[in-house]
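Working through the structure, step by step
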Protein chains: 2
Amino acid sequence: MDAHRLLVFRQIARSGSIGAAARVLGWTQPAVSQHLRHLERQAGLPLVLRRPRGIQLTEAGRTLLGHADALATRLHAAADEMNALAQLEGGTVRLAAFPSAGATVVPAAMSLLAARHPALDVRLLQAEPPEALELVTVGEADLAVTFAHDGQPFTVPSGLVALPVGEDPVRLVLPNGHAQAEAAAVDLRSLAADRWIAGCERCTAHLERLCLAAGFTPDIRHGSDDYVVAQSLIAHGLGIGLLPQLALEAFHNPGVTAREVPGLRPRALHVVHHREAGRTPAVRAAVRAVRDAIAG
Amino acid sequence: MDAHRLLVFRQIARSGSIGAAARVLGWTQPAVSQHLRHLERQAGLPLVLRRPRGIQLTEAGRTLLGHADALATRLHAAADEMNALAQLEGGTVRLAAFPSAGATVVPAAMSLLAARHPALDVRLLQAEPPEALELVTVGEADLAVTFAHDGQPFTVPSGLVALPVGEDPVRLVLPNGHAQAEAAAVDLRSLAADRWIAGCERCTAHLERLCLAAGFTPDIRHGSDDYVVAQSLIAHGLGIGLLPQLALEAFHNPGVTAREVPGLRPRALHVVHHREAGRTPAVRAAVRAVRDAIAG
DNA sequence: GTAGGTTACGATCAGCGTAAGTATC
DNA sequence: GATACTTACGCTGATCGTAACCTAC
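Predicted, not measured: the structure shown is a model, and the values here were computed from it.

**Description of the protein's contact with DNA strand C**
Neighbouring DNA strand C are 24 residues, the closest being A:Thr28, A:His35, B:Gln29, B:Ser33 and B:Arg50. At 3.1 Å, a side-chain N or O of B:Ser158 approaches a phosphate oxygen of DNA strand C. Of all elements in the fold, only helix 3 (29-43) of chain A together with helix 2 (18-25), helix 3 (29-43) and strand 2 (54-57) of chain B reach the threshold of two or more residues within the surface near DNA strand C. Looking at which element gives the most residues to the surface near DNA strand C, the answer is helix 3 of chain B, with five residues. Of the residues assigned to the surface near DNA strand C, the class counts are eight nonpolar, 11 polar and five charged.

Have a look at this one:
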């Protein structure tokens, strides 16, 4: 059964004659006649009775018309739904973001998205960058918000693309009253003797790389990728650490002081999605919203 | 939305890759790829994510797949139903027949049809030939069983075709004990003085034409197109008449005697249907059954 | 190398239009 | 003659195949 012919047949049935159907379709009469002939040959049955003032459906024709109507309805529904998705009048976008972004810029971005496209369903999944990339790779998330420290090679799995969406300065975090808390200019070299609190795996690597460049190996006593825990450890004088600005925006323990370190490069923020997803309106809108939330 | 492309897309989704879909379809990979590209362009959305070992559906793709599945199901259902009608594994045929046929050959034909095609739904409508033709013309019956007396022009409305299916001898019906009831050979001329019982309009015209040819005008006292009534009138000695053999087979009043009249031509029996209906299997089967019932 | 996919382009065939013919009113 | 449809046939264009190329593993 050829669906196209079925739709032509439907027009014949609705118009009441082959010629009328041809006029509606913008075709000539023989073109429509041929379609009907093919359909009847394929069905092995006459579908219409040719009468002087038009056609009349046979039993087979009435039966087929029911199917043709259902077909047309389906096709329209499909087109409508595709249009809704293209116009962002529906659909879902799933964001995977690391915690400090999930507590700051991502909610802001989601709020922007909700305002711009109320019908869009936005969902947040919390995941550190490596897991976030995996979620996108396997299709459980549409967009990952990730970071990469300066000097760390930032590569994404093949098939994915990363777009820079901003930077996140890295601060030195000291307990209130620390010797360097009020110094004019902070230098890592002056902290070689301190004890350190490390963060996530990649943050720890970044810290070690920086200290090595400054001429010492940091004495890392504790580690936590939870910025609330890290600040608490620091506030209790158990060590010092580096924390990104986003983490300090998400939560700032009053017992700690954050200092800018000259020469300390910010970490880069990216959004990552499948290469093809860059043409999905919902993903594009989400990317714009994340970028605007960071810029705003 | 192009239905054909949708079905190709369905195959892609089911196969898990464009190449696999191409193999199933017996096409090359680029052919399938093009279909997908057109579909994505028309939808304005990516439908699949191209991954190293095949494709993965996007949200739009999953949505569209649902519609494509529904479409395929419909098309199969339509084909199945057309096939059932073509194979006489379903469907309806409506017969319009005049009373004496409806009481004799048509039930026999319906019985034959039921035996040959148990799933076929056969319906009988009783109607004198002119009305039967009208029923077929307007589509309320598929097949008319009609008769035409010898010498009567038998024409059917345009668009309809008539097929001869047999003959029905016309008998002279006399009350038992009538002078001619036991004669060696009956001659209409010997009945010029009798009173007559006429039948339906066309039968009356036929009777008058026969009598005129025999040299007299019949003294018609009563008329009834009901053969039971007519025979009752004759049995009571109120007149004599002509009745077709089918009417006598349907009902024979023991008070009447039927005689063959040499030279009296039988009436012709036809089945009539729309020209196109001649290719409808159910109608063809019904025609065969009527013909076989008359011949058997 | 193998597997999956795309782009570019040529060739073929489905399908529409034109023209001519049939039938009914 | 007007309307409805079919048949015959030519031409165009959608669509499929071939060839060349890209990417990932």
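**Observations regarding the state of the cysteines**
For the coordinates displayed, the defined rule picks out zero disulfides over all chains. Unpaired in terms of disulfides, A:Cys211 finds its nearest cysteine sulfur in A:Cys203, a separation of 13 Å.

**Concerning the UniProt feature "domain: HTH lysR-type" (unreviewed entry) in chain A**
When the UniProt feature table is mapped onto this chain, "domain: HTH lysR-type" (unreviewed entry) is found at residues 1-58 of chain A. Note that residues 1-58 of chain A is 62% helix and 14% strand, and that its end C-alpha atoms are spaced 18 Å apart.

**So, the domain arrangement of chain A**
All names here are of chain A. Domain parsing of chain A yields domain 1 (3-67), domain 2 (91-168 + 268-295) and domain 3 (170-265). Just the C-alpha atoms count here: the centres of domain 2 and domain 3 sit 27 Å apart. The partner domain 3 presents 16 residues to the 18 residues of domain 2 that form the contact. A buried area of about 1400 Å², summed over both sides, lies between domain 2 and domain 3, and 57% of it is on carbon and sulfur atoms. The largest contributions to the domain 2 side of the interface with domain 3 come from His149, Asp150 and Asp168, which together make up 43% of the buried area. Across the contact surface, domain 2 and domain 3 share one salt bridge. The salt bridge partner of Arg265 is Asp150, with a shortest N-O separation of 3.9 Å. Of all the elements in the fold, those that place two or more residues in the side of domain 2 that touches domain 3 are helix 5 (99-102), helix 7 (129-138) and strand 5 (143-148). It is helix 5 that provides the largest number of residues to the side of domain 2 that touches domain 3, a total of three residues.

**Side note on the protein's contact with DNA strand D**
Taken together, 24 residues form the shell around DNA strand D, and within it A:Gln29, A:Ser33, A:Arg50, B:Thr28 and B:His35 come nearest. Close to the protein, within 4 Å, the atoms of DNA strand D belong to sugar or phosphate groups at a rate of 69%. Within the backbone of A:Ile18, a nitrogen or oxygen atom sits 3.1 Å from a phosphate oxygen of DNA strand D. The backbone of A:Gly19 places a nitrogen or oxygen atom 2.9 Å from a phosphate oxygen of DNA strand D. When residues of the surface near DNA strand D are traced back to their parent elements, those giving at least two are helix 2 (18-25), helix 3 and strand 2 (54-57) of chain A together with helix 1 (3-15) and helix 3 of chain B. Tallying contributions element by element places helix 3 of chain A first for the surface near DNA strand D, with five residues.

**Here's the deal with the sheet that holds strand 3 (residues 92-97) of chain A**
Residue and element names in this part refer to chain A. As summarised here, the arrangement of the five strands in space is 4-3-5-12-6, forming an open sheet in which the pairing is mixed. The open sheet terminates on both sides in strands that have one partner only, identified here as strand 4 (121-126) and strand 6 (160-168). On average, each strand axis in the sheet is inclined to that of its neighbour by 25 degrees, with strand direction left out of account. Alignment of strand 3 against strand 5, held across three bridges, turns out to be parallel.

About the criteria used
Residues numbered from 1 in each chain as written. Chains lettered and ligands numbered in written order. Predicted model: local features only at pLDDT ≥ 70, side-chain atom pairs only at ≥ 80, totals over all residues. Heavy atoms only, no water. Near = heavy atom within 4 Å. Polar contact = N/O pair within 3.5 Å; in protein donor to acceptor, adjacent residues only side chain to side chain. Helix = DSSP H or I, 4+ residues; strand = E, 2+ residues; numbered from the N terminus. Nonpolar A, V, L, I, M, F, W, Y, C, P; charged D, E, K, R; others polar. Disulfide = S-S within 2.5 Å. UniProt positions renumbered as here; feature names shortened; annotations may be inferred. Domains from an automatic or database assignment. Contact = heavy atoms within 4.5 Å. Buried area = accessible area lost by both parts, 1.4 Å probe. Salt bridge = Lys/Arg side-chain N within 4 Å of Asp/Glu carboxyl O. Pairing = 2+ DSSP bridges. Axes fitted to C-alpha atoms, helices over the stretch in contact; angles between N-to-C directions.

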